[in-house]
Amino acid sequence: MSKAQPGMSMERADIAFEVNGAAVSVCVPPVRRLSSVLRDELRLTGTKIGCDAGDCGACTVLVDGEPVCACLMSVASAAGTVVTTVEGLANGRLSALQASFLDHGAAQCGICTPGLLIAATALLDREPNPSETEVQDALGGVLCRCTGYRKIVAAVMDAGRFASELSTDGIAPHPPAGTFSPYSDGEKDEAPALASPSPRLSRGEGKGEGQHQLQRLDLDLDRRMPISGHAVGSSPIRLDGLPKVTGGEKFGGDSFPADALAVLVVRSPHHHARFAFGDLDAWVKTRPGIVGVFTAADIPGKNSFGVIAPFADQPALAEGFSRFRGEAVALVAGEREAILDLDLSDFPVRWTELPYLLQPCEAQAGGAQLIHENRPANLLTTGFVERGDPEAALSGAAFVVSGAIDTSYVEHAYIEPEAGHAYMDGGTLVVVACTQAPYMDRDDVAKVLGLAADKVRIVPTATGGGFGSKLDVSLQPLIGLVAMKTGRPAALAYTRNESMISTTKRHPAEMKATIGADADGRVTGMVFAGDFNTGAYASWGPTVANRVPVHASGPYATPNYRAEGRAIHTNGPISGAFRGFGVPQATIMQETLYDELSEKLGLDRLDFRLKNCLRNGSETVTGQRLEAGVGIAECLEALRPHWTRALADAEKFNSANDSRKRGVGVASCWYGCGNTSLPNPSTIRVGISATGDVVLHQGAVDIGQGSNTVIAQICADALGLPLEKFRLKSADTAITPDAGKTSASRQTFVTGKAAEKAGGALREIMLRFANVSEKAAIALDGTSLVIREGEATRHIDLSTLKADADGFVFRAEESYDPPTLPLDAKGQGKPYAVYGYGAQIAELEVDLKLGTVKLIKITAAHDVGKAINPLLAEGQIEGGIAQGIGMALMEEYIPGRTENLHDYLIPTIGDVPPIETILIEVPDPEGPFGAKGLGEHVLIPTAPAILNAIRHATGVLVTKIPATPSRIRAAIRDKEAGR
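Residues numbered from 1 in each chain as written. Predicted model: local features only at pLDDT ≥ 70, side-chain atom pairs only at ≥ 80, totals over all residues. Heavy atoms only, no water.

**Description of the sheet that holds strand S12 (residues 328–334)**
- Strand order in this open sheet of seven strands is S10-S12-S8-S20-S17-S18-S19, and the pairing throughout is mixed. Strand pairing shows two members of the sheet lacking a second neighbour, strand S10 (290–294) and strand S19 (456–460), which therefore form its edges. Strand-to-strand twist of the sheet, defined as the mean angle between neighbouring strand axes without regard to direction, takes the value 25°.
- By the bridge criterion, six bridges tie strand S17 (residues 419–425) to strand S18 (residues 428–433) in an arrangement that is antiparallel. When the sheet's bridge partners are listed, Ala 422 is paired in S18 with Val 431.
- Across the face of the sheet, helix H13 (residues 438–449) comes into contact with S18 and S19 while running at roughly 145° to S19.
- Of the strands in this sheet, strand S8 (261–267), S10, S12, S17, S18 and strand S20 (490–493) are in contact with helix H14 (residues 476–486), which crosses S17 at around 35°. (Pairing = 2+ DSSP bridges. Helix = DSSP H or I, 4+ residues; strand = E, 2+ residues; numbered from the N terminus. Axes fitted to C-alpha atoms, helices over the stretch in contact; angles between N-to-C directions. Contact = heavy atoms within 4.5 Å.)

See the structure below:
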């Protein structure tokens with residue numbers, strides 16, 4: 001529950017206004033936020049809360065036709081007005097704008113979508129055919145962390161076309177694509193079958209609200225319909241798309257039970273402190289409506305969690321002292337209104353601030369206080385890869401370059417802060433929350449709360465962005481503890497400040513490297529060392545330390561190599577997983593040195609990379625022979641015409657301008673899909689019901705990347721039945737098999753492979769039942785399974801067959817675990833079964849006097865093996881590039897200073913330039929239909945390409961990232977002064 005607003009205890013008043021065409025009256029304190037009233041009193045949860053400060057725009061609604069941030073408007077100010085929320089955009093039917101959003105793939109996680117739709121609706125009401133600049137101006141106050149904005153701009157500009165194509169009912173009737181049951185309210189009811197292709201949206205009541213009817217829209221069918229009858233390779237409307245544009249999607253804070261206790265978290269205001277509680281019972285007794293206070297002493301299990309069991313070290317509630325600013329030390333639970341009124345300034349806790357260490361160099365200094373007594377020198381762990389003799393190679397190299405680069409903390413800044421609720425279902429604790437890893441959550445919650453794993457059920461809600469941080473548990477054990485102790489449901493939604501101070505960040509890195517090449521321009525050796533600030537607790541520090549040395553060479557043949565990654569504890573924020581696990585940082589080091597080395601060699605920067613890139617048959621720095629599927633050369637070659645044009649454009653511009661200079665940069669990436677040399681299985685279950693539905697138990701959490709759709713597409717083609725026959729049962733540890741965590745670009749590859757196997761196995765079972773060959777075609781016609789082979793056709797009445805406990809008459813369940821091998825003491829082995837590849841060009845202008853950067857264009861070529869869904873792949877690329885832009889130019893989390901979305905800057909709609917995406921398809925025989933992962937890869941080359949472009953424009957390399965205007969200007973001054 002959010003922190004109380006000042007003045008919440010004042011008297012209530014009856015306030016009347018109109019919402020979505022209906023007159024409403026509420027009796028609430030007049031100063032209560034309009035956003036809270038819409039969500040909590042009227043249950044219009046399509047209006048989202050991302051910051052409660054007007055910084056993110058997720059709560060945008062129309063008030064008398066004008067867009068406003070509902071979190072900044074008191075409900076008293078709304079008296080007598082007409083308010084429109086996303087639920088009322090088209091009176092229960094899709095508007096042209098909503099249809100355009102679906103068609104363009106403009107909604108990914110969907111948490112910002114309502115705010116964007118509302119702001120765009122206001123624009124289109126006054127300007128039906130807006131320019132791109134007008135769209136950017138109108139939507140500039142709404143932040144999106146997933147899409148990169150480009151498809152949003154396209155959808156708004158294209159809405160006029162849909163207005164003319166759609167029927168007067170607001171949606172063109174077309175046969176439904178399938179159904180999707182996310183069980184966002186924790187219920188196990190079956191999703192209702194679709195009886196007819198109704199043109200209206202279907203919104204259930206009560207416990208059915210989390211079950212969505214989906215329809216394929218009759219829009220641009222030449223592009224939308226599957227290619228040659230196959231789902232793979234086509235871009236159908238995403239299967240979970242409709243609720244994202246109607247406000248029906250239920251995120252972590254959208255389905256709190258009415259009788260739930262609200263929870264507040266007491267957190268450390270210090271980087272390092274000792275603390276002691278006063279009389280907690282007396283404090284509770286003097287506050288009506290407060291049910292209890294809970295501390296570490298109340299935790300019944302082992303008060304320690306962590307994503308990697310051998311390194312698990314983080315308490316759910318700190319005991320006696322806190323190790324970082326924002327650490328949870330106590331919980332306060334009470335009735336909702338009491339919590340809204342509560343002032344924690346007199347909470348009985350005494351703090352004694354202790355010395356703290358925020359930088360790895362401080363933590364590594366002789367005599368430094370240990371943050372964990374069992375980790376000498378504050379070293380969490382080290383990763384190491386060595387091949388050949390790098391020192392000899394460098395000493396014999398014709399050309400050698402060396403450098404050092406530091407990067408900063410980067411905040412995930414998903415627009416949905418962590419939220420969820422928990423309740424007891426008999427002897428089972430049910431936790432309904434946003435997450436990327438339900439089975440990992442289950443195991444950690446069970447451990448902390450002293451329960452058997454089968455007595456904890458995790459029901460993921462829709463997740464409003466994750467990018468790695470929602471892999472770690474956050475509020476799950478906290479609300480679980482309150483529910484267990486009180487016997488009542490418990491609900492908690494982090495404030496933006498809470499989310500930013502208490503959850504994980506991208507690791508800051510201090511890196512050094514040296515690379516050598518022979519006279520022909522072949523790289524002969526490289527040495528890399530990186531210290532990664534892992535913060536107060538382990539989280540994903542071991543993964544970063546081990547993944548970086550494998551990848552720090554980039555996708556290039558490097559015969560002599562040594563790389564070391566060290567994860568070092570400090571009292572800083574916890575560093576965890578963030579789209580790339582340290583590889584984006586290491587790639588900045590390597591790719592900027594590649595530019596310097598190519599310059600020394602007198603070689604074109606693109607040609608230098610092509611000369612050295614991995615090919616089929618190459619061996620990596622871990623000694624892994626890549627037999628097939630290596631697509632980096634194809635990516636670089638695809639960029640060549642764009643490279644030639646961009647360099648010519650820059651030369652022409654620079655010859656005519658003195659104060660501004662244009663630069664062009666290029667960078668490549670590679671990324672191993674899945675865990676590093678560790679088991680990484682996924683399991684998929686699929687069955688045919690007696691009613692003729694294909695039910696897919698799909699446990700891979702979709703955080704916006706599209707796994708609900710992509711995995712269903714893979715399974716559909718493997719099975720040989722059309723996508724519209726599928727009904728999805730999404731992740732739920734009581735219902736769906738474990739598809740593994742959503743991380744490391746593994747879902748399309750690993751879970752997709754399991755889906756391919758399960759679809760194929762189910763097909764084989766049905767063909768065997770019908771006693772036909774594998775060449776037979778199958779179809780579903782109502783409750784009839786139709787099998788055709790040659791001239792023969794057979795009909796099998798499914799309703800006459802015996803169904804199992806899940807209602808299946810035919811079923812298959814298959815698992816897949818990528819074939820990897822352990823790394824030895826020198827890091828030699830097969831860490832990944834499949835790698836993805838990519839390369840990007842950044843074009844930009846630098847104002848030499850101000851140090852400001854204007855991005856002109858980014859061209860991205862990424863080898864996806866097989867584009868299962870090209871539109872979703874483009875969306876991932878654009879979104880990753882936007883995050884790479886932020887990492888390169890503006891994002892720097894500073895504890896105590898940038899703990900909100902006003903002071904911490906992420907790219908807005910005006911910061912992302914045109915992006916040209918080139919999908920390269922070099923199939924990998926291991927992937928489903930040849931597909932590779934994509935999610936992480938797309939961010940990795942962006943920052944180094946931008947930094948190389950800045951260097952091309954100015955002649956200086958910024959070595960502290962992000963490259964802010966002050967740092968660029970300082971580097972230019974140093975160059976001018978000869979320093």
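Once you've had a look at it, read on.
**With respect to the sheet that holds strand S22 (residues 509–517)**
- Read across the sheet, five strands follow the order S14-S24-S23-S22-S15 without closing on themselves; strand pairing throughout is mixed. Whereas interior strands pair on both sides, the edge strands pair on one side only; in this sheet they are strand S14 (379–387) and strand S15 (399–406). On average, each strand axis in the sheet is inclined to that of its neighbour by 5°, with strand direction left out of account.
- Bridge count for S15 against S22 is eight bridges, and the pairing is antiparallel. Bridge assignment links Gly 403 to a residue of S22, and that residue is Ala 513.
- Across the sheet, helix H16 (residues 541–551) touches S14, strand S23 (523–535) and strand S24 (560–569), and the angle it forms with S14 is around 15°.
- Along the sheet, helix H17 (residues 583–601) makes contact with S15, S22 and S23, crossing S15 at roughly 145°.

**Considering the pairing of strand S30 (residues 784–789)**
- Both strand S29 (residues 777–781) and S30 contribute to a ladder of five bridges, which runs antiparallel. Within S30, the residue paired with Ile 778 across the bridge is Ile 787.
- Connecting the antiparallel pair S29 and S30 is a turn made up of two residues, with Gly 782 showing a positive phi of about 65°.
- Across six bridges, the pairing between S30 and strand S31 (residues 792–797) is antiparallel. The residue of S31 that forms the bridge with Arg 788 is Thr 793.
- Between S30 and the antiparallel strand that follows it, S31, lie two residues; Gly 790 among them carries a positive phi value of about 65°.

**Considerations on the layout of surface pockets**
- Here the second largest pocket is characterised by a volume of approximately 950 Å³.
- At the level of secondary structure, the elements contributing two or more residues to the lining of the second largest pocket comprise S14, H13 and H16.
- Looking at the lining of the second largest pocket residue by residue, the class counts come to 22 nonpolar, 12 polar and nine charged. (1 Å grid on protein atoms, 1.4 Å probe; cavity = no way out; pocket = protein on both sides within 12 Å on 5 of 7 lines; lining within 4 Å. Points joined across faces, edges and corners; volume = space filled by probe spheres on them. Nonpolar A, V, L, I, M, F, W, Y, C, P; charged D, E, K, R; others polar.)

**Looking at the confidence of the model for the protein chain**
- Averaged over every residue, the pLDDT of the protein chain is 92; the share at 70 or more is 92%.
- Scored below 50 in pLDDT, residues 1–8 shows 33 contacts in the model against residues more than four places distant or in partner chains.
- Counted against residues more than four places away or in other chains, residues 168–228, with its pLDDT under 50, gives 166 contacts. (pLDDT = per-residue confidence, 0-100.)

**Section: the nonpolar core**
- Ranked by internal contacts, the top residues of the largest apolar core, which has 156 residues, are Phe 101, Leu 139, Val 156, Phe 528 and Ile 946.
- Each residue touching Val 156, except ones within four places of it in the same chain, is listed here: Leu 97, Phe 101, Ala 120, Leu 123, Leu 124, Pro 130, Val 135 and Leu 139.
- If you look at the next biggest cluster of nonpolar residues, it comprises 48 residues, including Leu 723, Met 766, Leu 767 and Ala 776. (Core = buried A, V, L, I, M, F, W, Y, C linked by side-chain atoms within 4.5 Å. Buried < 20%, exposed > 50% of the residue type's maximum accessible area, 1.4 Å probe, protein only.)

**Observations regarding the packing of aromatic side chains**
- This model, assessed by the stated rule, comprises 14 aromatic pairs.
- Taking the centre distance of 5.5 Å and the plane angle of 70° together, the rings of Trp 540 and Phe 581 count as edge-to-face. Placement of Trp 540 in the loop between S23 and H16 and of Phe 581 in the loop between S24 and H17 is noted, with a sequence separation of 41 residues between them. Exposure class is identical for Trp 540 and Phe 581. Each is buried.
- Of the aromatic side chains, those joined through ring pairs into one cluster are Phe 275, Phe 277, Trp 283, Phe 347 and Trp 351.
- Here Arg 161 stacks its cationic end above the ring of Phe 162, 4.4 Å away from the centre of that ring.
- Across the ring face of Phe 653, the terminal group of Arg 662 is positioned such that the distance to the ring centre comes to 4.7 Å. (Phe/Tyr/Trp six-rings, centres within 6.5 Å; stacked < 30°, edge-to-face > 60°. Lys NZ or Arg CZ within 6 Å of the ring centre and 35° of its normal.)

**Structural notes on the packing of helix H22 (residues 870–889) against helix H23 (residues 942–954)**
- In contact at an axis separation of 8 Å, H22 and H23 are set at 50° when each is read in the N-to-C sense. The orientation of H22 with respect to H23, classified from their angle, is oblique. Helix-helix and strand crossings are classified by hand; for H22 and H23 the assignment is right-handed. For the pair formed by H22 and H23, the contact residues are Gly 880, Ile 881, Gly 884, Ile 885, Ala 888 and Leu 889 on the first element and Thr 942, Ala 943, Ile 946 and Ile 950 on the second.
- Its residues assigned to classes, the contact of H22 with H23 shows seven nonpolar, three polar and no charged. (Parallel < 35°, antiparallel > 145°, perpendicular 65-115°, else oblique. Left-handed = near helix turned anticlockwise from the far one by under 90°.)

**A look at empty space enclosed by the protein**
- Applying the stated criterion across every chain yields a total of 11 cavities of 30 Å³ or more.
- What lines the largest cavity is a set of 37 residues, among which Gln 705, Ser 745, Gln 876, Leu 934 and Gly 935 lie closest to the centre.
- Elements that contribute at least two residues to the lining of the largest cavity include exactly helix H20 (707–719), helix H21 (747–770) and H22.
- Counting residues per element, the lining of the largest cavity draws most heavily on H22, which supplies three residues.
- When the residues that make up the lining of the largest cavity are grouped by side-chain class, the tally is 16 nonpolar, 16 polar and five charged.

**So, the packing of helix H4 (residues 132–139) against helix H5 (residues 150–157)**
- Where H4 meets H5, the axes come as close as 10 Å, and the angle between the chain directions of the two elements is 115°. Of the possible angle classes, the one that applies to H4 and H5 is roughly perpendicular. H4 and H5 meet at a crossing whose hand is right-handed. Across the interface between the two elements, Glu 132, Val 135, Gln 136 and Leu 139 from H4 touch Arg 150, Ile 152, Val 153, Val 156 and Met 157 from H5.
- Of the residues belonging to the contact of H4 with H5, the class tally is six nonpolar, one polar and two charged.

**Some thoughts on helix H2 (residues 96–104)**
- Here H2 lies mainly inside the structure; nine of its nine residues are buried.
- Following H2 by one or two positions, Gly 105 has its phi on the positive side, about 70°.

**Examining the side chain of Gln 476**
- For Gln 476, the location among the structural elements is in helix H14.
- With relative accessibility at 1%, the residue Gln 476 sits in the buried group.
- Of the polar contacts made by the side chain of Gln 476, one reaches the side chain of Asp 441; its length is 3.0 Å.
- Among the polar contacts made by the side chain of Gln 476, one reaches the main-chain amide nitrogen of Ser 474 at a distance of 2.7 Å.
- The contacts of Gln 476, once residues within four sequence positions are left out, are Val 431, Ala 433, Cys 434, Thr 435, Asp 441 and Val 445. (Polar contact = N/O pair within 3.5 Å; in protein donor to acceptor, adjacent residues only side chain to side chain.)

**Quick notes on the pattern of salt bridges**
- Summed over all chains, the structure comprises 55 salt bridges.
- With its nearest N and O atoms 3.3 Å apart, the salt bridge here joins Glu 386 to Lys 826. Residue Glu 386 is found in strand S14, and its partner Lys 826 is found in the loop between strand S32 (808–816) and strand S33 (835–847); the two are separated by 440 residues along the sequence.
- Classification of Glu 386 by relative accessible area gives buried; the value is 13%.
- A salt bridge links Asp 974 to Arg 979; the nearest nitrogen and oxygen atoms lie 2.6 Å apart.
- One network of salt bridges, with partners in common, ties together Arg 12, Arg 32, Asp 40, Glu 41, Arg 336 and Glu 337. (Salt bridge = Lys/Arg side-chain N within 4 Å of Asp/Glu carboxyl O.)

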